[in-house]
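Inside the fold
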Amino acid sequence: MIRRFIPLALFVGVAALLAMGIKQAPRKDLVPSPLIGKHAPNFSLPSLTHPQRRVSTAQLDGHWYLFNVWGTWCISCREEYPELLAIAHSGVIRLIGLDWKDTRAEALAFLSTRGDPYQRIAFDPGGLEAIHWGVYGAPETFLVNPKGIIVYKYIGPITPQAWADDIRPRIPADAAVVGS
Amino acid sequence: MRLPRVLLALLPVALLLAAPPARAIAFTKLPTPALQARYERLIHGFRCMQCQDESLANSPVSLAADMRRQIRQMLLAGDTDQQIRHFFVSRYGYFILFKPPFVWRTAWLWLTPGILLCVGALSAGWVIRKRTTLVASDHENPDPRDGLACTEERAR
């Protein structure tokens, strides 16, 4: 008699397994980065705001910073912009920008009307630097420690909740921007 | 002058045939046929990270164009296919490859179908053997006591 229920039991088992798989499946648009725990890519790019100067890894090492990939064409970046300004205002951590696949004129116009939360902005009109960081959409934000190691990556616009729950708790107190 | 009817009827077909090239990805030509062949094979093997079910070869997004340009430049600089694959995997993870490699983390992915096939074959074999034995026993003389037991059972 029990034998007759074996197919049913198997079906329930498989269904439960699939249901669990669907529920726990990572969101397909959030691809985990293999760069976490690794050294951030070394770069030296022209500065967006001061074209004759450069923004390079050498200047950034030794401090905690958030490396934020954005572009004026990116709607979600505009969405998170108020939060970036708030983070900059709080002085909790340095913000470094990578202006990705943008034009300098548009980016500068955007900064002058909306305000500039970044300590430095590297300019990457060709998009190669973003590939080195494994970027596949904007905005993406990397948390980098003083040794230059990427400790966390946040994909998508930083909402006040994402800042409070996912990013802020990972930043130690000594990351604070001194004298600004 | 009027067009023959057949030509007129074929006109929509001709228009349809003319449409695809308009949407196709900008064609690139590398200096040697060998490089061109490697380029074609490589771009079909990488996933476009934005429209994830398309390859770099078919994706119209600009990130895919940047990646194709990077592949071209690496090919021209003399990088091997292995080096180019490593370049992208170390930045984007195995997810960027349409065919994941056989490493311990992906072993279950490759082995599960085989294991399931074995389980299926074994259970199919078991069921078939069982059924065959039953059929064979039909031709044997039945134990008269079995029949009696049945009648007795029914009589009660």
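One structure accompanies this document, and this report is about it. Keep in mind that what you see is a predicted model, and the values were worked out from it rather than measured.

Quick notes on the rules
- Residues numbered from 1 in each chain as written.
- Chains lettered and ligands numbered in written order.
- Predicted model: local features only at pLDDT ≥ 70, side-chain atom pairs only at ≥ 80, totals over all residues.
- Helix = DSSP H or I, 4+ residues; strand = E, 2+ residues; numbered from the N terminus.
- Buried ≥ 20, exposed ≤ 12 C-beta atoms within 10 Å, placed from the backbone.
- Contact = placed C-beta atoms within 7 Å.
- Rg over C-alpha atoms; globule rule 2.2 N^0.38 Å.
- Axes fitted to C-alpha atoms, helices over the stretch in contact; angles between N-to-C directions.
- Left-handed = near helix turned anticlockwise from the far one by under 90°.
- Core = buried A, V, L, I, M, F, W, Y, C linked by C-beta atoms within 7 Å.
- Nonpolar A, V, L, I, M, F, W, Y, C, P; charged D, E, K, R; others polar.
- Pairing = 2+ DSSP bridges.
- Expected span 1.5 Å × (residues − 1).
- Arc of directions from axis to C-beta.
- Right-handed = clockwise from strand over helix to strand, strands pointing away.

**Observations regarding the overall build of chain B**
- Summing up its helical and strand segments, chain B has seven helices and zero strands in all.
- The helix and strand sequence of chain B, counted from the amino end, reads α-α-α-α-α-α-α.
- Taking all 156 residues of chain B together, the buried fraction comes to 12%.
- Pairs at least 24 apart in sequence give 43% of the contacts found in chain B among residues at least 6 apart.

**Concerning the overall build of chain A**
- What chain A contains, in helices and strands, is six helices and seven strands.
- What you see in chain A, going N to C, is helices and strands ordered as α-β-β-α-β-α-β-α-β-α-β-β-α.
- Its C-alpha atoms give chain A a radius of gyration of 21 Å, more than 25% over the compact-globule value 16 Å for 180 residues.
- By principal-axis analysis of the C-alpha atoms, chain A measures approximately 85 × 35 × 30 Å.
- Partitioning the intrachain contacts of chain A with sequence separation of at least 6 by distance along the chain shows that 76% fall at a separation of at least 24.

**Side note on the packing of helix H3 (residues 33-45) of chain B against helix H4 (residues 62-76) of chain B**
All names here are of chain B.
- Packing of H3 against H4 brings their axes to within 11 Å, and their N-to-C directions diverge by 145°. For H3 against H4, the interelement crossing comes out right-handed. Across from Leu35, Arg38, Tyr39, Leu42 and Ile43 in H3, the residues of H4 making contact are Arg68, Ile71, Arg72 and Leu75.

**Some details on the environment of aspartate 99 of chain A**
- Tracing the backbone shows aspartate 99 of chain A in strand E4 (residues 94-100).
- A sequence separation of 19 residues divides aspartate 99 of chain A from glutamate 80 of chain A, and the C-alpha atoms of the two residues are 15 Å apart.

**Regarding the nonpolar core**
- In terms of nonpolar packing, the biggest core is built from 56 residues, with Tyr65, Val69 and Val144 of chain A touching the most fellow members.
- Residues contacting valine 144 of chain A, with those up to four places away along its chain left out, are Ala40, Trp64, Tyr65, Phe67, Ile149 and Ile150 of chain A.

**A closer look at the interface of chain B and chain A**
- Opposite the 13 residues of chain B that make contact, chain A presents 14 residues.
- Looking at the side of chain B that touches chain A, the elements with two or more residues in it are H4 and helix H5 (81-92) of chain B.
- Broken down by element, the side of chain B that touches chain A gets its largest block of residues, five residues, from H4 of chain B.
- Classifying every residue of the side of chain B that touches chain A gives five nonpolar, six polar and two charged.

**Considerations on the pairing of strand E7 (residues 150-155) of chain A**
- Direction of pairing for strand E6 (residues 140-144) of chain A relative to E7 of chain A: antiparallel, over a ladder of five bridges. Pairing of threonine 141 of chain A across the sheet is with tyrosine 154 of chain A, part of E7 of chain A.

**A word on H3 of chain B**
All names here are of chain B.
- Over its 13 residues, H3 extends 18 Å from the first C-alpha to the last, a length consistent with the 18 Å expected when each residue adds 1.5 Å.
- Taken as a whole, H3 has its buried residues at Tyr39, Leu42 and Ile43. End-on, the buried residues of H3 take up no more than an arc of 95°, which puts them together on one face. Opposite the packed face of H3, turned more than 90 degrees from it, sit the exposed residues Pro33, Ala34, Ala37, Arg41 and His44.
- Looking at the buried side of H3, the elements it contacts are H4 and H5.

**Brief notes about the pairing of strand E3 (residues 65-70) of chain A**
All names here are of chain A.
- The buried fraction of E3 amounts to six of the six residues, a majority that puts the element mostly inside the structure.
- Here E3 shows two buried faces, one formed by Tyr65, Phe67 and Val69 and the other by Leu66, Asn68 and Trp70.
- Sheet analysis places E3 next to E4, joined by six bridges and oriented parallel. Residue tyrosine 65 lies in a different strand from E4, and its bridge partner there is arginine 94.
- Handedness of the crossover is the feature at issue here: the chain leaves E3, passes through helix H3 (residues 75-90), returns alongside E4, and the resulting connection is right-handed.

**Describing the sheet that holds E7 of chain A**
Residue and element names in this part refer to chain A.
- Across the sheet, which stays open at both edges, the five strands sit in the order E5-E4-E3-E6-E7 with mixed pairing between neighbours. Edge positions in the sheet fall to strand E5 (120-124) and E7, since each of these pairs with one other strand and no more. If you compare each strand with its neighbour and ignore which way they point, the axes differ by 20° on average.
- In terms of strand pairing, E3 meets E6 through five bridges, oriented antiparallel. Across the sheet, the residue bridging to asparagine 68 is threonine 141, located in E6.

**Digging into unusual backbone geometry**
Residue and element names in this part refer to chain A.
- Cis geometry is found at the peptide bond from alanine 138 to proline 139, where omega equals -5°.
- Inspection of the secondary structure assignment puts proline 139 in the loop between helix H5 (128-132) and E6.
- Residue lysine 101 is not a glycine yet carries a positive backbone phi of 50°.
- Assignment of secondary structure puts lysine 101 in the loop between E4 and helix H4 (104-114).
- The exposure class of lysine 101 is partly exposed, given the 18 C-beta atoms found within 10 Å.

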